[in-house]
Amino acid sequence: MVAGVDVSYATQGDALVAAAVVLDAETLETVEVRVVEGTATFPYVPGLLAFRELPSVMAALEQLTRTPDLLVCDGYGLAHPRRAGLAVHLGVLTGLPCFGVAKTPFVFGHRDVGEERGAAAPLTSDDGEVVGRALRTQPGVKPVFVSVGHAIGLDHACAHTLRLARRYRLPETTRAADHLSREHLRTLTR
DNA sequence: GCGACAG
DNA sequence: ATCTTGTCGC
Ligand SMILES: [Mg+2]
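None of these values were measured; they are calculated from a predicted model.

K.L.:
Teacher, can you tell me more about the overall build of chain A here?
P.N.:
A count of helical and extended segments in chain A gives four helices and eight strands. Traced from its N-terminal end to its C-terminal end, chain A shows the element sequence β-β-β-α-β-α-β-β-β-β-α-α. Its C-alpha atoms give chain A a radius of gyration of 16 Å, near enough to 16 Å, the size a compact globule of 190 residues would have. Viewed in the frame of its principal axes, chain A has a C-alpha envelope of about 45 × 35 × 30 Å. Taken over 190 residues, chain A has a buried fraction of 47%. Here chain A contributes 19 positive and 21 negative side-chain charges, whose respective centroids are spaced 4 Å apart.

As structure tokens, then:
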């Protein structure tokens, strides 16, 4: 069981909606969905995203009737200035294996990535440590950035990412959580 | 000292 | 993240 989490924010005011979606890792079938309405209590500050998004994400996860075996975050884990991105926080808070899949670069660069699906290049710090991996999930489409959160290795995190992103650039977990939180927020704003 | 900066 | 109109490619 793999869970994806994400948060949507209202333009007016501080309302937000967090979503947790559990998918069967094999079939990608939706097993359970949870949405939580909340309020933003922390601003967006690059490097401190966990403090803005995780309170409501934790609330949504606590509503699940089944504990997932793996968590997938929308953002970074170890590939963070302090090696403490939201995927690391969420893994420690829950005690569950967790990794992050980010959509855009943050602070670490990488060599060119081949154009084929599965092509990859390490994200490295100035002193050469590998903190993540740029991974092409669809041929000819921008790569995603995978990094370890907690209790999982980078190879396994990338393998899961590829299995969860067979048709689209982003993992189905992230797509489902993003869609659910966005739609629920819309019902509040309209 | 200045610029860059996940979502 | 959210807003917003058009454009490009499969
Ligand atoms: Mg997000």
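Don't stop here, the text continues.
K.L.:
Would you explain the coordination of the magnesium ion in this entry?
P.N.:
For a metal with four donors in a tetrahedral arrangement, the ideal angle between donors is 109.5 degrees, while six donors in an octahedron ideally sit at 90 or 180 degrees. Ligation of the magnesium ion by protein atoms is provided by Asp6 (OD) and Asp74 (OD), these donors lying 2.0 to 2.2 Å from the ion. With aspartate 6 in strand β1 (residues 2-9) and aspartate 74 in strand β4 (residues 70-74), this residue pair connects regions lying 68 residues apart in the sequence.

K.L.:
Explanation requested: the protein's contact with DNA strand B in the structure shown.
P.N.:
Surveying the vicinity of DNA strand B reveals 16 residues, the closest of which are Tyr44, Gly47, Asp74, Lys103 and Thr104. Counting only atoms of DNA strand B within 4 Å of the protein, the sugar-phosphate share comes to 51%. A distance of 3.3 Å is found between a base nitrogen of DNA strand B and a backbone nitrogen or oxygen belonging to leucine 86. The residue makeup of the surface near DNA strand B, split by class, is nine nonpolar, four polar and three charged.

K.L.:
Is there a simple way to explain the nonpolar core in this structure?
P.N.:
Soluble globular proteins tend to pack their nonpolar side chains together in the buried interior. Ranked by size, the top nonpolar core spans 22 residues in total, and within it Val5, Val57, Leu61, Leu71, Cys73 and Leu90 carry the most contacts. Counting residues per element, the ones that place at least two in this core are β1, β2 (15-23), α1 (49-62), β4 and α2 (86-94). The element that contributes the greatest number of residues to this core is α1, accounting for six residues. In this structure, valine 57 is in contact with Val5, Val7, Ala18 and Leu90, ignoring residues within four places of it in sequence. Among the nonpolar cores identified, the runner-up in size contains 16 residues, and Val2, Val101, Cys158 and Leu170 belong to it.

K.L.:
Whenever I open this one, the packing of α1 against α2 confuses me. Can you help?
P.N.:
Think of two packed helices as two axes; the pair is described by the angle between the axes and how far apart they sit. Here α1 crosses α2 at 40°, and the two axes come no closer than 10 Å. Here α1 lies oblique to α2, going by the angle between them. In this structure, α1 meets α2 at a crossing whose hand is right-handed. Contact residues: Leu49, Ala50, Phe51, Glu53, Leu54, Val57, Met58 and Leu61 in α1; Leu86, His89, Leu90, Leu93 and Thr94 in α2. When its residues are assigned to classes, the contact of α1 with α2 shows ten nonpolar, two polar and one charged.

K.L.:
In this structure, what is going on with the protein's contact with DNA strand C? I would like to understand it.
P.N.:
In the neighbourhood of DNA strand C, the contacting residues comprise Ser8, Tyr9, Thr11, Lys103 and Arg182. Protein-proximal atoms of DNA strand C, defined as those within 4 Å of the protein, fall in sugar or phosphate at a share of 100%. Side-chain polar atom of threonine 11 to a sugar or linking oxygen of DNA strand C: 2.6 Å apart, as the coordinates give it. Contact between DNA strand C and lysine 103: a phosphate oxygen at 3.0 Å from a side-chain N or O atom of the residue. In terms of residue class, the surface near DNA strand C is made up of one nonpolar, two polar and two charged.

K.L.:
Help me out: how do you make sense of the packing of aromatic side chains in this one?
P.N.:
Note on aromatic pairs: each is described by the distance of the centres and the angle between the planes. Within this structure, the stated rule accounts for two aromatic pairs. Relative to phenylalanine 51, the ring of phenylalanine 42 lies with its centre 5.7 Å away and its plane at 40°, an arrangement referred to as tilted.

K.L.:
For this particular structure, what's the right way to read the side chain of threonine 137?
P.N.:
As for its position among the elements, threonine 137 is in the loop between β7 (130-135) and β8 (144-150). Taking the relative accessible area as the measure of exposure, threonine 137 reaches 0% and is therefore buried. Looking at threonine 137, its side chain comes within polar contact range of the main-chain oxygen of arginine 169, at 2.7 Å. When sequence neighbours within four positions are dropped, the list of residues in contact with threonine 137 reads Arg117, Val144, Thr161, Leu162, Ala165, Tyr168 and Arg169.

Cut-offs and rules
Residues numbered from 1 in each chain as written. Chains lettered and ligands numbered in written order. Predicted model: local features only at pLDDT ≥ 70, side-chain atom pairs only at ≥ 80, totals over all residues. Heavy atoms only, no water. Helix = DSSP H or I, 4+ residues; strand = E, 2+ residues; numbered from the N terminus. Rg over C-alpha atoms; globule rule 2.2 N^0.38 Å. Buried < 20%, exposed > 50% of the residue type's maximum accessible area, 1.4 Å probe, protein only. Lys, Arg positive; Asp, Glu negative; His and termini not counted. Charge placed at Lys NZ, Arg CZ, Asp CG, Glu CD. Donors = N, O, S within 2.8 Å, 3.2 Å for Na, K, Ca; no water. Near = heavy atom within 4 Å. Polar contact = N/O pair within 3.5 Å; in protein donor to acceptor, adjacent residues only side chain to side chain. Nonpolar A, V, L, I, M, F, W, Y, C, P; charged D, E, K, R; others polar. Core = buried A, V, L, I, M, F, W, Y, C linked by side-chain atoms within 4.5 Å. Contact = heavy atoms within 4.5 Å. Axes fitted to C-alpha atoms, helices over the stretch in contact; angles between N-to-C directions. Parallel < 35°, antiparallel > 145°, perpendicular 65-115°, else oblique. Left-handed = near helix turned anticlockwise from the far one by under 90°. Phe/Tyr/Trp six-rings, centres within 6.5 Å; stacked < 30°, edge-to-face > 60°.

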